[in-house]
Amino acid sequence: MRKQIIAGNWKMFNNLSESVELTAALKAGLSAKDAGCEVIVCPPFTSLETVHTIAKDSPIQVGAQNMYFEENGAYTGEISASMLLSTGCTHVILGHSERRTIFGESDAVINKKIKKALSAGLKPIFCIGETLQEREGGTTFDVIRKQVTEGLQNVSEAELGNIILAYEPVWAIGTGKTATPAQAQEVHAFIRDLIVKLFSAAAAEKIVIQYGGSVKPENAAELLGQPDIDGALVGGACLKANSFLKIIESCRK
Ligand code: 13P
């Protein structure tokens, strides 16, 4: 049985003192019980090191929300994989729909970032998902197939073992419109089948596929109860310790 992984994407929220407060509250809430799943928080770059320091001796792992694929150089405003590692973080969200749409990241750029993260020793949380227009146009599976295939170009099966996939339908992000458990399960099963074709049945059985898009304490248990949903990537509901802790409690035990 795959262990579920609950990750919180803080997006562009929480300055340093707010980050300290939220991490301390999560740590206090988690130490009381066995989480039963893996927990990752992804704060803004400016809070990574501090959050990592507070999260020490707790089940909380720390991830970043983006990185650049070059080692270093004249890339004003960018952050490298080795810089992220030096803050103590272990994961990095790549290919988020906000990066794709607002910042114009292509599948090819996302692939370069995934390759770089893996070679540096960071675990990518690789996001994919269709827009409302694509869903209504009946091209969801084509879109997902292209994003997964191109994003994982030249990734070996051994490397795939360090990747978490996150299915986030764009129409469900920050909209309060969650995919129904059946809608999410259908795409998760499709993704797992695609991993069988691109890699192997063993790799597909092992890979964690999170769902993201308006996950809340009220809908988490039903989503996380689906056979191919192995965790959640939470936005809005991870900004309050109580609601994030409730989602963590909903994971498969
Ligand atoms: P919401 O949970 O706010 O819909 O955001 C989901 C998301 O984008 C996580 O990466």
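Here, every reference points to the structure presented above.
What you see is a predicted model, and the numbers here were worked out from it, not measured in a lab. (Residues numbered from 1 in each chain as written. Predicted model: local features only at pLDDT ≥ 70, side-chain atom pairs only at ≥ 80, totals over all residues. Heavy atoms only, no water.)

### What to know about the pattern of salt bridges
Worth spelling out the cut-off: The salt bridge definition used is simple: a Lys or Arg side-chain nitrogen within 4 Å of an Asp or Glu carboxyl oxygen. What counts as a helix is a DSSP run of H or I of at least four residues, what counts as a strand is a run of E of at least two, and both are numbered from the N terminus.
Following the criterion strictly, the structure yields 15 salt bridges and no others. Here Arg99 ties to Glu105 by a salt bridge, and the two come within 3.0 Å at their closest N and O atoms. The salt bridge involving Glu150 is made with Lys146; its shortest N-O contact spans 3.3 Å. A residue pair is termed a helical-turn pair when its members lie 3 or 4 positions apart in one helix, as Glu150 and Lys146 do in helix H7 (residues 140-151) at four residues. One salt-bridge network, in which partners are shared between bridges, spans Arg2, Arg192, Glu205, Asp228 and Asp230.

### What about the site of the ligand?
Here is the rule we go by: Residue proximity to a molecule or strand is established when one non-hydrogen atom of the residue lies within 4 Å of it. Nitrogen and oxygen atoms within 3.5 Å of one another constitute a polar contact, given that in protein one can donate a hydrogen and the other can accept it, and given that sequence-neighbouring residues count only through two side-chain atoms. For the area figures, the Shrake-Rupley method with a 1.4 Å probe applies, and any residue is considered shielded solely by the protein chains shown.
Near the ligand, the surroundings consist of Asn9, Lys11, His96, Glu168, Ala172, Ile173, Gly174, Gly213, Ser214, Leu233, Gly235 and Gly236. At 2.8 Å, a side-chain N or O of His96 approaches an oxygen atom of the ligand. Here an oxygen atom of the ligand and a backbone polar atom of Ser214 are 2.7 Å apart. With the chains in place, 94% of the 310 Å² that the ligand exposes on its own is no longer accessible.

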